[in-house]
Amino acid sequence: MISKKNWICTAVVMSAFLIALLAAAVPKQPVAIAGEENGYYGKKAKYVFYFIGDGMAMPQINSTEIFKGTLNSSDPMYKEKLNFTVFPYQGMQTTHSTSSFITDSAAAGTALATGHKTANDVVGVDPTNTIKFKTMAEMAKEKGLKVGIVSSVSIDHATPAVFYAHEPSRNNFYEIALAMGNSGFDYFAGGGLLSPTGKKKDLPNALDIAKQKGYKVVNSQEEIMRLAKNDGKVIAIQPDLAAEEAMQYEIDRTNQLSLADFTRKGIELLDNPNGFFMMVEGGKIDWACHANDAATTVRDVMAFDNAIAEALKFYAKHPTETLIVVTGDHETGGMSIGFSGTKYETFASKINKQTMSFEEFDKKIKAYRATVGETNANLQDWLPILASEFGLVDLTAYDKQRLSDALAQSMLDSKKRAKDEQTYLLYGGYEPFSMTVTHILNQKAGIGWTTYAHTGVAVPVFAQGVGGEKFQGYYDNTDVAKKIMGIMGVKFQ
Ligand SMILES: [Zn+2]
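Thresholds, definitions, all that
Residues numbered from 1 in each chain as written. Predicted model: local features only at pLDDT ≥ 70, side-chain atom pairs only at ≥ 80, totals over all residues. Heavy atoms only, no water. Donors = N, O, S within 2.8 Å, 3.2 Å for Na, K, Ca; no water. Tetrahedral: all angles 85-135°; square planar, octahedral: opposite > 155°, others 65-115°. Helix = DSSP H or I, 4+ residues; strand = E, 2+ residues; numbered from the N terminus. Buried < 20%, exposed > 50% of the residue type's maximum accessible area, 1.4 Å probe, protein only. Pairing = 2+ DSSP bridges. 1 Å grid on protein atoms, 1.4 Å probe; cavity = no way out; pocket = protein on both sides within 12 Å on 5 of 7 lines; lining within 4 Å. Points joined across faces, edges and corners; volume = space filled by probe spheres on them.

Peer 1: Hey, could you run me through the coordination of the zinc ion in this one?
Peer 2: Ideal coordination angles are 109.5 degrees for a metal with four donors arranged tetrahedrally and 90 or 180 degrees for a metal with six donors arranged octahedrally. Within the first shell, the zinc ion binds the protein through Asp54 (OD), Ser105 (OG), Asp329 (OD) and His330 (NE2), at distances of 1.8 to 2.1 Å. Here the zinc ion is ringed by 4 donor atoms whose angles at the metal span 101 to 122°, and the overall shape comes out tetrahedral. Donor residues binding the zinc ion come from one chain and are separated in sequence as D-x50-S-x223-D-H. With Ser105 in helix 3 (residues 105-114) and His330 in the loop between strand 8 (322-328) and strand 9 (331-332), this residue pair connects regions lying 225 residues apart in the sequence. One exposure class covers both Ser105 and His330, and it is buried.

This is the structure in structure tokens:
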């Protein structure tokens, strides 16, 4: 007979047994791995394209749509969508770093490539340089995907670097170049290296070291176009580069390869049965915006959009296996559609009259300075050029005064130029006459600028393909990386 005490004991044991049975019957919830909760547990993307327009947010995108409208229609209200602005899934990301609401490209890129926030100037490590953050490109490589990194600026610049390097400063160009050679990634393309032999130019050339590690380094158009899959790991550098080892601004580009050419070649080389990850940066959108040059900006956004068209051609062949994500790392210039002088009107077609970037125009100013010297400059000499190269024919007395003042500053040796607050606000450290010409033209077009640096506004994200729906909503820039990792089937670390 079971005593009362034993009965209670048995009941307790039975209850515990029942609870254990019930617990076993309920499917176990997976232990959440940080970041994976933002990921995609369904079908994985085999091919991932990550397009980053440096300095590109809604103002750059919208002004390009309006500008394209003026090129392709006589209807003044027509604006033409870009390849990526018609993507089915769109969201927004915050861009702040750990050190500032206004991020730089290194901190923003680190967030976009690794899913971790860091401080401005830092590439792929925490702000104290003690923890290395693993990048999605490194994860993709480990998983057996081929990896490509393409940029229209130097390939050791902050945005490309955050995918393969880990440095306390984005200016450690030599160390970044060595990391490129050590990455084992399959395709680096676009601009060159800023410091291939170190700051004192006395170290072994990073490209030679890359060659020893099995890279084929090519820098002629013929060699680049001839590259084939059996060439293995490749570093393809645009010949005839512009300043700072970057590709030409699109507005200045003649017969050189375009960002789309480098993207198409990348697809050809990377395509393989295990899949690939390719990051393509439109790096000079940012540079044009730093210089407050709208015509150069919209042309570079269009070049970036043409590169996306190459990914879309690939997508059309592999729609169930491909993800394309397009975003920016931050806004640059405080660009806006709207200027106090033009109120509710815009005249975007005016910037179509501009035939060259501020950088090319700087060269003309320099040549003029060499001819006339410090004190003999005359705005009259420039009026025909401003008309033919910028379409500036309706200059007011106020415009002419600003232009004359700037021209006088531009004739001085840079050491002799005024360094006060007003000078910085007017010219931002750029060639004063160039800045004034593009400022006046932009203002007449109804385009405003607030800064020569970045701004802290949120940036749009556009996605198409496998897992694209995960990019809807308003989230942090680190989440963009976590979402891509989840969809690519690699684990955020
Ligand atoms: Zn940037």
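Peer 1: Teacher, can you tell me more about the pairing of strand 2 (residues 89-94) here?
Peer 2: In summary, the side chains of a regular strand alternate between the two faces of the sheet. Summarising the sheet, strand 2 and strand 13 (residues 459-465) pair through 5 bridges and their orientation is antiparallel. Residue pairing for strand 13: Tyr89 is matched across the bridge by Ala463. Taken together, the 4 bridges between strand 2 and strand 14 (residues 473-476) define a ladder with parallel strand orientation. Note on strand 14: the bridge partner recorded for Thr94 is Asp476.

Peer 1: Mind showing me how you'd approach the layout of surface pockets here?
Peer 2: Leftover empty space is mapped by rolling, across the atoms, a probe with the size of a water molecule. Each pocket or cavity is described by its volume, and for the largest pocket that value is around 460 Å³. Around the largest pocket, the lining comprises 25 residues; the ones closest to its centre are Arg402, Leu425, Leu426, His439 and Tyr452. Of all elements in the fold, only helix 14 (397-411), helix 15 (421-427), helix 16 (432-445) and strand 11 (447-448) reach the threshold of two or more residues within the lining of the largest pocket.

Peer 1: Mind showing me how you'd approach the pairing of strand 13 here?
Peer 2: Within strand 13, 7 of the 7 residues are buried, leaving the element largely enclosed by the surrounding structure. Relative to strand 13, strand 8 runs antiparallel, the two sharing 5 bridges. Across the sheet, Ile324 pairs through a bridge with Gln464, a residue of strand 13.

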